[in-house]
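Breakdown of the fold
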Amino acid sequence: MEMKRSQEANFLIDMDNKGKVRDWRGKKISSLGLAKVYKRISEKIKPEYAERGVHIRYKQITRHDSIIGEVVSSEPMGLYDKDGKRVVNYEKRAANMEFCGTYLEFINNRDALKLINANFCRVPLCPMCQWRKSMRIFFGVSDIMREIDKRHLNYIPVFLTLTVKNCSLEDLNKNLDIAFNGWNEFMRSKTLNPLVKGERKHIVKGWFRALEITYNDKTNTFHPHFHAIMLVEKSYFKGKDYMKTEDWVKLWRKSAKLNYDPVCDIRRTRSPKGERKEVAEVAKYTYKDAEILSKKLSDDKKDDVVRCLSGALHGRRLYAYGGIMKEIAAELKIKDVDNADLVKSDDEYEVDSSLATMILGYHWNIGVSNYTLAKRVELKGGCENA
Ligand SMILES: [Zn+2]
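Residues numbered from 1 in each chain as written. Predicted model: local features only at pLDDT ≥ 70, side-chain atom pairs only at ≥ 80, totals over all residues.

Overview of the pairing of strand β10 (residues 204–216)
Bridge count between β10 and strand β11 (residues 221–233): 12 bridges; the pairing is antiparallel. Following the sheet pairing, Asn216 is matched in β11 by Thr221. Count of turn residues in the β10/β11 antiparallel hairpin: 4 residues, of which Asn220 carries a positive phi of about 55 degrees. Of the pairings in the sheet, the one linking β10 to strand β13 (residues 319–322) comprises 4 bridges and is antiparallel in character. Considered in β13, the bridge of Ala210 is made with Tyr319. (Pairing = 2+ DSSP bridges. Helix = DSSP H or I, 4+ residues; strand = E, 2+ residues; numbered from the N terminus.)

Brief notes about unusual backbone geometry
At Arg122, a position not held by glycine, the phi torsion is positive, near 65 degrees. Within the element layout of this structure, Arg122 appears in the loop between β5 (112–118) and α5 (127–150). Given 17 C-beta atoms within 10 Å, Arg122 falls into the partly exposed group. (Buried ≥ 20, exposed ≤ 12 C-beta atoms within 10 Å, placed from the backbone.)

Section: the sheet that holds strand β1 (residues 55–65)
Strand order across the open sheet formed by 3 strands is β1-β2-β3, with antiparallel pairing between neighbours. Each end of this open sheet is capped by a strand with a single partner; those strands are β1 and β3 (86–87). For strand β2 (residues 69–80) and β3, the ladder comprises 2 bridges, and the chain directions are antiparallel. Its bridge partner lying in β3, Tyr80 is registered against Arg86.

Side note on helix α7 (residues 245–255)
Looking only at α7, the buried set comprises Trp248, Leu251, Trp252 and Ser255. Buried residues of α7, seen end-on, are gathered within an arc of 95 degrees and therefore sit on one face of the element. Packing partners of the buried residues in α7 comprise β6 (155–163), α6 (172–188) and β12 (264–268). Phi for Lys257, located one or two positions after α7, is positive at around 55 degrees. (Arc of directions from axis to C-beta. Contact = placed C-beta atoms within 7 Å.)

Set out below in structure tokens:
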């Protein structure tokens, strides 16, 4: 088989079905950049953590051994302060991110590659892991939408963006509380679940929502907002339940208990292509690593931004399904992205594993700051190490 010239040069070139190169190298470099930020934060935060009495908590695990009998061992559970509040272990996250995706293993089919093995760190803000998660969500949501079409459910997706005002770095946590509580109120509201002849009618049949936070370096503020897909019945658009943008604004304002009219965007698309674009919008990253790792920002500023972001996102559900979308996700065994296998994020339809002829393993090479070929195994015939 003729290999691509770049693969002969032993650097990883992985392309999607449109011929666009997947940016493994860029993501790895961003993860290393963020690891550096985490490391600096872990140093800076030491006095504060000492004052707050931060310590490692262990949990005791008892197992039964047939010869020795009961064996008790303790396992670290994480860092806690003296009030029992869990805190972010920046040092550990830095170390994990540094090793994220240092090894990638693919099978090939002609020029296309499919990832079969990798070591991802799963640190919530890791750029590499975020990228994998966003692909996973994109294909998960697309599969659910396809299934809804297949079942001939007369549901139409409406794409909604709900925002709260920009806030200072320190206020992010408080504003996320407002947004998340607001979302729950919003979905439970009488407007979306009116009483009809003594029974609750659900106008939204299924939904998916994702949190996105953008950072504005000019004003040094965060802008948290939700992107959501809502499925409504076709009849909704002509019936009395139909809501104009101003009605959505009113409902979101009331649900999140805001004292201003928030910016809301609502759109319906008809073309499948538009729908795909909109699904991609919902499956976007929680934050843009390029915004935060930008060369324009000083190291101190980066540390501030990342610390506020990390602290505020700690323990939050960034993505969620509801209604029929949740049911179908369970039926299709689409896992919560926080627990999902990030290796299987690729478009599964692109590469037929049974036609693969080779296994290719790449290591992150610090010296050349790129992925270089470390292993090549022919699947039909001999085995060869690069
Ligand atoms: Zn990672």
